[in-house]
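Structure assessment
One-letter residues, chain by chain:
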Amino acid sequence: MARKKFLAGNWKLWGTLGEAKALATALIPAAKASENRVLVAPPYTAIAAVKEAVKGSPILVGAQDVSALETGARTGEISVLMLKELGVDVIILGHSERRQFHGETDKLVNEKIKLALKHGFEVIYCNGETLAEREAGKAAEVVIRQTKEAFAGLTEADLAKVTIAYEPVWAIGTGKTATPKDANDIHKVIRSTVAELYTKKAADAIIIQYGGSVKPDNVKELMAQTDIDGALVGGASLKADTFIPIIAFDK
Ligand code: 13P
């Protein structure tokens, strides 16, 4: 089954209003010329400006996280209701930096996924093993456990709005990419887990992105793998010069 490729830029802690608007605007022609889905996830403060800048183009706009509560005493957090107002299309959840620096657990990620889906958002759900887990031969075991916990209580219909991003923690921002074959092997494990939890049909349809030092010079080989359906890109998504060749990897 043909799965549409999905190229997403996670801007993390980057992007003043001026920078964010300029970058989003520069991506429009490449996104228009592409058959792939394209998303940018600016910091919260730049979402409205980026939404405005890409209006009328096929570029989707994402948020990098959301609170597990709709409203309440959570100083510094942002709610689904606020993201809805901004017209956010997709929410990235469970990123390893949220897990590492903000103590997010699989259980919390599961709650956030359910809340985001309840409010009609698409979700990019991130998982992936640490270097110690990989070296201990536990990469497959870790992503199976994470996927099962993240998807608890989700129906097969819910999965139509969920993309998975496999991001081995040791490959993020380090310049170390998983070899395309190693990445593809874990993508297959994740897809089999979805088949086990739901159906083969659901597993065949779900989009699984790879993330971790994706660059213009390795994107083609990664995207050529049978089970890699896109990329979640950090550093290389911060410049039009490096993100455009990734969006247009098949041109
Ligand atoms: P880099 O592309 O900078 O390695 O970041 C990957 C990532 O964490 C995207 O969410």
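These lines cover the structure that appears in this document, whether it is placed above or below. Computed from a prediction, not measured in an experiment: that's the story for all the values here.

1. Digging into unusual backbone geometry
- Phi at Lys12 is positive, roughly 50°, even though this residue is not glycine.
- Relative to the helices and strands, Lys12 resides in the loop between strand S1 (6-10) and helix H1 (17-33).
- Phi is positive for Ser213, which is not a glycine, with a value near 55°.
- Among the secondary structure elements, Ser213 is positioned in the loop between strand S7 (207-211) and helix H10 (219-223).

2. Some remarks on the pairing of S7
- Most of S7 is tucked away: 5 of the 5 residues are buried.
- Residues of S7 alternate between two faces, with Ile207, Gln209 and Gly211 on one and Ile208 and Tyr210 on the opposite face, all of them buried.
- Bridge count for strand S6 (residues 162-166) against S7 is 4 bridges, and the pairing is parallel. Counted as the bridge partner of Thr163 is Ile207 from S7.
- When S7 meets strand S8 (residues 230-233), the two strands line up parallel, connected through 2 bridges. The residue bridging Gly211 from the neighbouring strand is Leu232, located in S8.

3. Some points on the side chain of Ser79
- Structurally, Ser79 can be placed in the loop between strand S3 (60-63) and helix H3 (80-86).
- Accessibility expressed as a relative area gives 4% for Ser79, which makes it buried.
- Only 2.7 Å separates the side chain of Ser79 from the backbone oxygen of Glu70, close enough to count as a polar contact.
- From its side chain, Ser79 meets the backbone nitrogen of Leu81 in a polar contact 2.9 Å long.

4. With respect to the sheet that holds S8
- Strand order in the closed barrel formed by 8 strands is S1-S2-S3-S4-S5-S6-S7-S8, and the pairing between neighbours is parallel. Taking the axes of each pair of neighbouring strands and ignoring which way they run, one obtains an average angle of 25° across the sheet.
- Strand direction decides the pairing type here: strand S5 (residues 122-127) and S6, joined by 5 bridges, are parallel. Bridge assignment links Ile124 to a residue of S6, and that residue is Thr163.
- With respect to the sheet, helix H7 (residues 139-150) is in contact with S5 and S6, its orientation differing from that of S5 by roughly 150°.

5. Side note on the site of the ligand
- Around the ligand sit 13 residues, and of these Lys12, His95, Gly173, Ser213 and Gly235 come closest.
- In this structure, His95 approaches the ligand through a side-chain N or O atom, which is 2.8 Å from an oxygen atom.
- The protein chains hide 97% of the 310 Å² of surface that the ligand would expose on its own.

6. Structural notes on helix H11 (residues 240-247)
- Of all the positions in H11, only Ala240, Phe243, Ile246 and Ile247 are classed as buried. The arc that holds the buried residues of H11, viewed along the axis, is 135°, so those residues lie on one side.
- As for H11, its buried residues are in contact with S1, H1, strand S2 (37-41), H10 and S8.

7. A short note on the packing of aromatic side chains
- Taken as a whole and judged by the stated rule, the model has 3 aromatic pairs.
- Ring geometry for Trp11 versus Trp14: centroids 5.4 Å apart, planes at 90°, classification edge-to-face.
- The lysine or arginine in question, Arg37, covers the ring of Phe6, its NZ or CZ lying 4.7 Å from the ring centre.

Procedures and definitions
Residues numbered from 1 in each chain as written. Predicted model: local features only at pLDDT ≥ 70, side-chain atom pairs only at ≥ 80, totals over all residues. Heavy atoms only, no water. Helix = DSSP H or I, 4+ residues; strand = E, 2+ residues; numbered from the N terminus. Buried < 20%, exposed > 50% of the residue type's maximum accessible area, 1.4 Å probe, protein only. Pairing = 2+ DSSP bridges. Polar contact = N/O pair within 3.5 Å; in protein donor to acceptor, adjacent residues only side chain to side chain. Axes fitted to C-alpha atoms, helices over the stretch in contact; angles between N-to-C directions. Contact = heavy atoms within 4.5 Å. Near = heavy atom within 4 Å. Areas by Shrake-Rupley, 256 points an atom, 1.4 Å probe, with all protein chains shown as cover. Arc of directions from axis to C-beta. Phe/Tyr/Trp six-rings, centres within 6.5 Å; stacked < 30°, edge-to-face > 60°. Lys NZ or Arg CZ within 6 Å of the ring centre and 35° of its normal.

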